[in-house]
Structure formats: C-alpha cells, structure tokens
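Chains, contacts and geometry: an overview
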Amino acid sequence: MVVVMKADATDADINGVCAVIEEHGLEPLLMPGNVMAIGIPSEVPTDLREPLQQKLQILPGVSKVTQVSRPFKLASREFHSQDTIVRAGGVEIGGERFVVMAGPCSIESYEQLKSAAEIVKANGATVLRGGAFKPRTSPYSFQGLAIEGLRIMQQVGKEVGITTVSEVMSPDMVETVAEHVDILQIGARSMQNFPLLIEAGKSGKPTLLKRGMWAPIDDFLLAAEYLLAHGNPNVMLCERGVTPLDKSYTRNTLDLAAIPVLKEHSHLPVIVDPSHGTGVAKYVKSMSLAALAAGADGLMVEVHPDPRTALSDAAQALPPDSFAEMMSALREMSAVTGRSMTMGARSSRI
Ligand code: PEP
Ligand code: MN
C-alpha cells in the first residue's frame, strides 16, 4: 500500500499518516520524491486492507492511497517512481551514462588481470569484472583463485584506477569480498540463495544481481526485494540470458524484452550481459548494441587479453580488437539514443 501526500502536506500530516499505520502494527516507509509518499512494504493482512485504506484516505494532506499491484514492493516503481542511481567507486550506474563493465570471466593471474584492465579502461569501460570464486558446473573445472584472486583484483583496481566487481557465492564470504571490491556480484545460480541475499542486503554494498537462467521476472524482482528489504538500496539488475530452446547455437537466450519490462516495473538500474547471454563471442557486439537501443543502463562483457588461453568461458570472451570495435560502435550509437559514454579517464561526453 502506498499513501501519496498532497504537494502542500505538512510534517504534521505526514506524522499523522505514519501514526495510523503504526497503530495497525505496520511499519511506514517514507519515500520522498516530487511529493512525499509513505509506503507499507510488508504484507498488509487481507481483512485490514479496505478499512486501513479508507482510514488513511480521509486524513489531512493525503492525496490518494493505492494498493501495490505487484508482489515486489521496494523494487517497484509504484513505491519509488524515480530511477535509482547506484554509486560505486566513483561510477554512477543508472544515470545518464551508459556504463560498461568488462574483463575476464576468471581472474587467472596478476599479469592477465592487469593486462585486461588496461585494455578495457583504454577502450572506455569504467568497471573491471573478474571472478575469484567461480560457480562451475563441473567440480573438475577451474574454480577460481579465491582470496588470492580478490587480492589481485584489489591491487589491479588501485593501480589502473578502475571500479571493480566480483562474484560472491556464499553468505560467509560477503564481508571479505566487500572489503576487496567496489561491487558485489550475485551470480545467476545464486539468485535464490536467500541467506546470501540477506547477507548482501545487510552489507549495503553496491550489488549486481544476475537473473537466474530459469527465473521469471517476478522471481527476479523478489530476489532484488530481499536485498532492498534487508537494508541495501544499491541494487542493480542484470539480464544474462535464460535457458534456450536449443543449445546448439547459443548458450542462453538473451531476453532483450526483459529490459523495457524491468525498466517499466522497477526503478533499479538494468545491466545486460551479452557474453553469458549468447555464449558466443561473435554475437556479443550485436546484442550489446541491441541492449543499448532497448534502454539498458549498461553492459557486463567478458574480455580476455588472449581468449585462446582463458581458463573459463573462452568461447564467449572478446579479444582486445573486437572489444575496441564494439566500444566504438556503442559510442556511435549512444549519440542517437540520448545516452553518453565515458571514454577512459577523460570522462568526455560522446
Ligand atoms: C560470470 O559472470 O562469470 C558468471 C558466472 O555469470 P552467471 O552467473 O550469469 O552465469
Ligand atoms: Mn563467465
């Protein structure tokens, strides 16, 4: 339920609404905007809905009272009409600029990550990605460098001067990963790891939540709701493809329609991962351009200094020249989509 106040509502009017909500054993949430709105994020018991709505409707300063029609609330535009901008390590995600997060699937060594960081930064990416804890289908595949990988990420981030993002797979590692990087990544396979969502929520750290490959939009936004409900407003959504009908051509089906759907129903920034979304390096550029055209706030792309030697996801990693070409095409297109792109350290508007 959301109580929208009149533009001239006084503090006393707002307090009056909060008091009535509290009298019913519910917790009000103040949502300042063009006009003040007061939300009730928790489930309002069915038998209480009508009487409470009627009581609130006639209070001084109240413009209207609406029932939130979606199962997710804090993630919903009905609760928070303006776009959320997440600030992480000097980068704004969800604002005017189209943000590119790029780097290898896995952190393999200091040299590999440093080289990747220099390549992605030189071509205009503002966030460096790289996994230290890798969720691999087979226990015999490379599992990542763990803490050592995080240390490398932290060092390279500082040396190159770039914001960093890395995956956290378990609740007990949230604190450690948060100490080493600017943005936590919650992977597709962990989208419904509720203890992990709760811990990342409590951390307040900017968090990129990937959509499960099997997840309907409501479940995805309810996973984001966990982070928000546990006190973390710095949530970004990442569409990374859903299970395809046919795996012989692409690894996943990138759900481009999810971009306008998520932008309509949620205020959270939407990032698109065309690397996992296709699994094929040569399709990454076209899907990136499509994501920009469809209104995404940014991309997460896998780039490797030498994809032939990559220890994970080699088939979808862009080599440096392809990444440069893709970034230049994105810059050209950003001019006609009304977005801007940061170029290296110069921060020029293209
Ligand atoms: C990754 O980003 O390397 C990754 C494992 O992604 P996802 O969780 O989307 O599969
Ligand atoms: Mn990967």
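Residues numbered from 1 in each chain as written. Chains lettered and ligands numbered in written order. Predicted model: local features only at pLDDT ≥ 70, side-chain atom pairs only at ≥ 80, totals over all residues. Heavy atoms only, no water.

Once that is clear, we can look at the overall build of the chain. Helix and strand content of the chain: 11 helices and 14 strands. Classification of the 350 residues of the chain by burial places 53% in the buried group. Taking as baseline every contact in the chain between residues at least 6 positions apart, the subset at least 24 positions apart corresponds to 67%. In the chain, 32 side chains carry a positive charge and 39 a negative one; their mean positions are 5 Å apart. (Helix = DSSP H or I, 4+ residues; strand = E, 2+ residues; numbered from the N terminus. Buried < 20%, exposed > 50% of the residue type's maximum accessible area, 1.4 Å probe, protein only. Contact = heavy atoms within 4.5 Å. Lys, Arg positive; Asp, Glu negative; His and termini not counted. Charge placed at Lys NZ, Arg CZ, Asp CG, Glu CD.)

Summed over the entire model, instances satisfying the criterion amount to 1 cavity of 30 Å³ or more. The space that makes up the largest cavity amounts to roughly 40 Å³. Looking at the largest cavity, the residues that line it are R129, G130, G131, K134, V165, S166, E167 and Q185. The greatest single-element share of the lining of the largest cavity, amounting to 3 residues, is contributed by strand β9 (residues 163-167). When grouped by side-chain class, the residues that make up the lining of the largest cavity number 1 nonpolar, 4 polar and 3 charged. (1 Å grid on protein atoms, 1.4 Å probe; cavity = no way out; pocket = protein on both sides within 12 Å on 5 of 7 lines; lining within 4 Å. Points joined across faces, edges and corners; volume = space filled by probe spheres on them. Nonpolar A, V, L, I, M, F, W, Y, C, P; charged D, E, K, R; others polar.)

Taken across its 5 residues, β9 has 5 buried, putting it largely inside the fold. Covered by surrounding structure in β9 are T163, V165 and E167 together with T164 and S166, the residues of both alternating faces. With 3 bridges connecting them, strand β8 (residues 127-129) and β9 associate as parallel partners. Looking at β9, one finds that R129 is bridged to V165. Note that the unit made of β8, helix α4 (residues 146-160) and β9 has a crossover that is right-handed. Sheet analysis places β9 next to strand β10 (residues 183-186), joined by 3 bridges and oriented parallel. Each bridged residue has a counterpart across the sheet, and for S166 the counterpart in β10 is L184. After leaving β9, the chain enters helix α5 (residues 174-180) and then returns to the sheet as β10, a path that is right-handed. (Pairing = 2+ DSSP bridges. Right-handed = clockwise from strand over helix to strand, strands pointing away.)

Here the focus is helix α6 (residues 194-203). Those residues of α6 that sit buried are L196, L197, A200 and G201. Projected onto a plane normal to the axis of α6, the buried residues spread over an arc of 135 degrees and lie on a single side. Close packing links the buried residues of α6 with α5, β10, β11 (207-210) and α7 (217-229). Positioned one or two residues after α6, G204 has a phi angle of 70 degrees, which is positive. (Arc of directions from axis to C-beta.)

This next bit is on the site of ligand 1. With respect to spatial proximity, 13 residues lie near ligand 1, and among them R129, A188, R189, K210 and R240 are the closest. In the environment of ligand 1, an oxygen atom lies 2.9 Å from a nitrogen or oxygen atom belonging to the side chain of Q185. Note that an oxygen atom of ligand 1 is positioned 2.7 Å from one of the side-chain N or O atoms of R240. Here ligand 1 has 290 Å² of accessible area as a free molecule, and 97% of this is covered by the chains. (Near = heavy atom within 4 Å. Polar contact = N/O pair within 3.5 Å; in protein donor to acceptor, adjacent residues only side chain to side chain. Areas by Shrake-Rupley, 256 points an atom, 1.4 Å probe, with all protein chains shown as cover.)

In this fold, K210 is placed in strand β11. Its relative accessible area of 4% is what places K210 among the buried residues. Separated by 63 residues in sequence, K210 and D273 place their C-alpha atoms 9.0 Å apart. Not counting the four nearest positions on each side in its chain, K210 is found in contact with R129, Q185, I186, G187, A188, M191, F220, C238, R240, D273, H276 and M300. Reaching out from K210, the side chain makes a polar contact with the side chain of D273 at a distance of 2.7 Å.

Turning our attention to the domain arrangement of the chain. Domain assignment breaks the chain into domain 1 (2-66) and domain 2 (86-348). Centre-to-centre separation of domain 1 and domain 2, based on C-alpha positions: 38 Å. (Domains from an automatic or database assignment.)

The strand order β7-β8-β9-β10-β11-β12-β13-β14 describes a closed barrel built from 8 strands, whose pairing is parallel. On average, each strand axis in the sheet is inclined to that of its neighbour by 25 degrees, with strand direction left out of account. Two elements, strand β7 (residues 99-103) and β8, share 2 bridges in a ladder whose sense is parallel. What sits directly across from A102, in β8, is L128. Lying over the sheet, helix α8 (residues 258-265) contacts β12 (235-239) and β13 (270-272), oriented at roughly 165 degrees with respect to β13. (Axes fitted to C-alpha atoms, helices over the stretch in contact; angles between N-to-C directions.)

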